[in-house]
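The chain contents come next:
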Amino acid sequence: MGGGPRTFPGGLSKWQYKRMHEKLARQKQQGLLRHEKQLYLARLRSEIRASRLPGASPSPGGDDDDGPTSSRAHIRALADRFLLPGAEDLWNEDDGPIHRAERPPRRVVSGGRNGGGRHQLVSGREQPRGGFNPRREYQTLAPWWWQWRSASAIPSRAKEASFCFFGPKRRYSVMPPPFQAHHESVDAPMMPLIARGLAGGPVALSLFIQERFYSVAAGRFGRKWRPDSSDEDDDISTAKKDLKFAKLGASSEEESEDDELEARTAIRKKWSSAALRNCDIKKERRALKSYEEENNDLDGSFRELREEIKNREVLGVERRRYESRGESLFTNKRFDECGISPLTVKALTDAGYLQTTVVQEAALPMCLEGKDVLVKAKTGTGKSAAFLLPAIESVLNAMKNHTNHRVSPIFSLILCPTRELAIQLTAEANVLLKYHQGIGVQSLIGGTRFKLDQRRLESNPCQILVATPGRLLDHIENKSSFSVRLMGLKLLVLDEADHLLDLGFRSDIEKIVDSLPRQRQTLLFSATIPKEVRRVSQLVLKRDHVFVDTVGLGAVETPNKVEQLYHIVPHELHFHMVYRLLREHIDQEMDYKVIVFCTTAMVTEFMYIMLRDLKLNVREIHSRKPQLYRTRISEEFRDSSRLILVTSDVSTRGVNYPGVTLVIQVGVPSDRDHYIHRLGRTGREGKSGKGVLLLAPWEEYFLNEIHDLPVQKSQTPHMDEDMKRKVDGSIKIVDMSIKEAAYHAWLGYYNSIGDVGRDKTMLVDLANRFCKSIGLEKPPALYRRTALKMGLKDVPGIRIRKK
Ligand SMILES: Nc1ncnc2c1ncn2[C@@H]1O[C@H](COP(=O)(O)OP(=O)(O)OP(=O)(O)O)[C@@H](O)[C@H]1O
């Protein structure tokens, strides 16, 4: 009996699956050929340009003159390559038709000054316009040779350059545009007058082959072949880089996150088009709208506006109720009234979720109705369940129609910016899926083995996938069976949507979205949604989406029960101050649980070592730590109290550590939203909390960005000499290499912050002060390249490494 599975990923039959793979292989091959075609054209142009230079000697003819690496040999090899069977498709309608001659033409006859057309020009008789001939007819291309002719041999107006190809079996000649009069014979072929084509006119490229004959009216080339255009050259270098990046990607699995990210982003950027198989190419032009359509649009807009106002009214009432309850997070609505599966309700009850929170009550009906929804709600108010529940319902609905898959499609995809958040959401989804047999949720995050991911996804149920964008894109681009599974997608969620639609992630998100089915529901959630993000959200949301805002215009975006303070302390005392604040808090709070946010991973590491030496119960999480370690510490911190977590921005958004009593932010956050999300790690579920922002005097400008938040200046506590000496002692024991790395990272961070980074002299001065605060006598030297990149090369106070 025939072995092997009956159905393949995506519910395809064996033959459909096979055909799909063949098609993908063909498309891949074509991608490569397309690159080579560009390379070929670029080479051709440079030869022509070279021949047009004053005093350029005519190129010798014949094969024998060409060394194996000569440009001519290269052109020849490339021409052979893209005329291989299967490459004909590269010549598309824009390039002009390819015709197969009944009989090979003997002579090229000009069509005359004004007419004749290209086909007459090359073949001496009218050629029918048509599509491609069957592929087989273009096989077997023989070796060929080509010859340059001196410009003086050209009788026409465009004498600049000439070339033609002769071959025992085929001959190529690039012909002038139809409006160009010239007479030519096969033995003395006319110069193609590429120069005209370069200037924008159509170039007729006719390829003579003894048995076969191609005529390509290269209208598109005409546009592309500008004499000074370097597009193609750029493409070539891009193609070369592609190969390099592809190799890098293969080996970067275990490297540091930053390097890995960079390499992956580069590979993705370069290869995405090929890998997404044209999914990311817009194929249709946007047509101008007719009057009626515009009118319809207008009607639609009015309808949307009315709906939005109605929604806002509903939410406004909801909000007023919410606020009048003194910000009680929960509503009177129970989950069993929400129209979700009884099994999910049972799991919710087990987890202690009985009533919905405000955001859940407001968002669930719209999400369950199948609408696209953008949701804004404060940190810690239960947004995760508000999208996980629709994600589960979406799977249940989809499973009714898809029952016979060996490997089920992924029906719900949840994207989030950090690994910790992805792990947390997966765990929460698992809790909600407790009673749903056969439905599974998996995570896909960086820092784990690609192959292991693959195996895990294939061998475990995975109808819901929680992923970080980078790793997801890796799988989409490198595993076609994975892309097939995504073809069944019904629901896409972007958690921390504003961050995902930020410039840093946006191109990844665009590529991911392009590879997903258009017929889907999309949900966007965040605690902060700046105007710019509201605008770009149209990239993923339908036009008639609903905006659920439980915060409200002009309302405070931070939890009401969180006390917010700031301290202005000279840089030199920042670390002492952190210790002082921690000690004070530990003395006041029995079950303290503190998060200290630092600006960069290396500064985080420095702070951690220092606090550990000061005998505080402290842990660290940042991007320089291996993922396993990060996950372990994250779980430990979630489940403990009397613990301090020192961390960088990897813990800024979404991560839910219950019972955090204090959040300290050391140094200026990169923007207002960062401040809000970091602060939001405390005061969750309507509980109280405290946030302290520690700024140096020159960082005070940041207060303008958060002037509408209830942040109050605090009295700087007194620092006794004993404590100061103690901290200084702990700073001393930190390894020199960590201090140097912290200095570099600090410089990089503040250089990237507009307000500080613009004045380089001031920046370097401040960095040198930071240097002293971490116990470095003089600032460590920078690599010349790094200094150049940061615009700091000649700035006084910057030291450059000798080698
Ligand atoms: N209906 C509910 N009943 C009881 N607890 C809930 C309910 N909804 C959410 N929670 C709890 O509230 C806490 C915060 O929820 P969640 O992490 O979803 O907040 P969030 O709005 O996503 O926060 P952030 O903006 O930081 O991502 C979690 O501990 C969660 O278990």
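Note: the structure precedes this text.
No experiment lies behind these values; they were computed from the predicted model shown.

A. Region of the structure containing helix H24 (residues 736-751). A rise of 1.5 Å per residue sets the reference length of H24, with its 16 residues, at 22 Å; its end C-alpha atoms lie 22 Å apart and thus fit the reference within 8%. Listed as buried for H24 are Ile-738, Lys-739, Ala-742, Tyr-743, Trp-746, Leu-747, Tyr-749, Tyr-750 and Asn-751.

B. Region of interest: the packing of H24 against helix H26 (residues 760-773). Relative to each other, H24 and H26 sit at 150°, their axes nearing to 10 Å. Here H24 runs over H26; the crossing is right-handed. Packed against H24, whose contacting residues are Ala-742, Tyr-743, Trp-746, Leu-747, Tyr-750 and Asn-751, the element H26 presents Lys-760, Leu-763, Leu-766, Ala-767, Asn-768, Phe-770 and Cys-771 at the interface. Per-class residue counts for the contact of H24 with H26 are 10 nonpolar, 2 polar and 1 charged.

C. Looking closely at the packing of aromatic side chains. By the definition in use, this model includes 11 aromatic pairs. When the centroid spacing of 5.0 Å and the interplanar angle of 80° are considered together, the rings of Phe-637 and Tyr-657 count as edge-to-face. Highlighted residues: Phe-637 in helix H21 (residues 627-639) and Tyr-657 in the loop between strand S20 (643-647) and strand S21 (662-666), separated in sequence by 20 residues. Grouping residues by exposure puts Phe-637 and Tyr-657 together as buried. Taking the centre distance of 5.1 Å and the plane angle of 90° together, the rings of Tyr-749 and Tyr-750 count as edge-to-face. When its relative accessible area of 10% is taken as the criterion, Tyr-749 is described as buried. Residue classification places Tyr-750 among the buried positions, given a relative accessible area of 1%. A connected cluster of aromatic rings, assembled from ring pairs, spans Phe-575, Phe-606, Trp-698, Trp-746, Tyr-749, Tyr-750 and Phe-770. When the ring centre of Phe-637 is taken as reference, the NZ or CZ atom of Lys-593 above it lies at 5.2 Å.

D. Focus on the site of the ligand. Neighbouring the ligand are 19 residues; Tyr-353, Lys-383, Ser-384, Asn-656 and Arg-684 lie closest to it. Contact between the ligand and Asn-656: an oxygen atom at 2.7 Å from a side-chain N or O atom of the residue. Within the residue set of the shell around the ligand, elements represented by two or more residues are strand S9 (355-357) and helix H11 (383-401). Its residues assigned to classes, the shell around the ligand comprises 3 nonpolar, 10 polar and 6 charged. Domain assignment of the residues forming the shell around the ligand places at least three in each of domain 1 (299-549) and domain 2 (562-734).

E. Expanded view of the nonpolar core. Residues Val-596, Met-607, Leu-611 and Ile-644 are the most contacted members of the largest nonpolar core, which totals 73 residues. Counting residues per element, this core draws most heavily on helix H20 (residues 601-613), which supplies 8 residues. Sequence-distant contacts of Leu-611, that is, excluding residues within four places in its chain, are made with Tyr-579, Leu-582, Leu-616, Val-618 and Val-646. Within the second largest apolar cluster, 43 residues are counted, among which are Ala-363, Ala-391, Val-395 and Ala-398.

F. Molecular detail of the side chain of Thr-379. Position of Thr-379 relative to the elements: it lies in the loop between strand S10 (373-376) and H11. Classification of Thr-379 as buried rests on a relative accessible area of 5%. Once you skip the residues sitting within four places of it in the chain, Thr-379 turns out to touch Ala-527, Pro-559, Ile-676, His-677, Gly-680, Arg-681 and Arg-684.

G. Structural view of the packing of H20 against H24. It is the contact of H20 with H24, at a shortest axis distance of 8 Å, that shows an interaxial angle of 140°. When the axes of H20 and H24 are compared, the pair comes out oblique. For the pair H20 and H24, the crossing hand works out as left-handed. From H20, Met-602, Val-603, Glu-605, Phe-606 and Ile-609 reach across to H24, where they touch Ile-738, Lys-739, Ala-741, Ala-742 and Ala-745. A per-class count over the contact of H20 with H24 returns 8 nonpolar, no polar and 2 charged.

Rules used throughout
Residues numbered from 1 in each chain as written. Predicted model: local features only at pLDDT ≥ 70, side-chain atom pairs only at ≥ 80, totals over all residues. Heavy atoms only, no water. Helix = DSSP H or I, 4+ residues; strand = E, 2+ residues; numbered from the N terminus. Expected span 1.5 Å × (residues − 1). Buried < 20%, exposed > 50% of the residue type's maximum accessible area, 1.4 Å probe, protein only. Axes fitted to C-alpha atoms, helices over the stretch in contact; angles between N-to-C directions. Left-handed = near helix turned anticlockwise from the far one by under 90°. Contact = heavy atoms within 4.5 Å. Nonpolar A, V, L, I, M, F, W, Y, C, P; charged D, E, K, R; others polar. Phe/Tyr/Trp six-rings, centres within 6.5 Å; stacked < 30°, edge-to-face > 60°. Lys NZ or Arg CZ within 6 Å of the ring centre and 35° of its normal. Near = heavy atom within 4 Å. Polar contact = N/O pair within 3.5 Å; in protein donor to acceptor, adjacent residues only side chain to side chain. Domains from an automatic or database assignment. Core = buried A, V, L, I, M, F, W, Y, C linked by side-chain atoms within 4.5 Å. Parallel < 35°, antiparallel > 145°, perpendicular 65-115°, else oblique.

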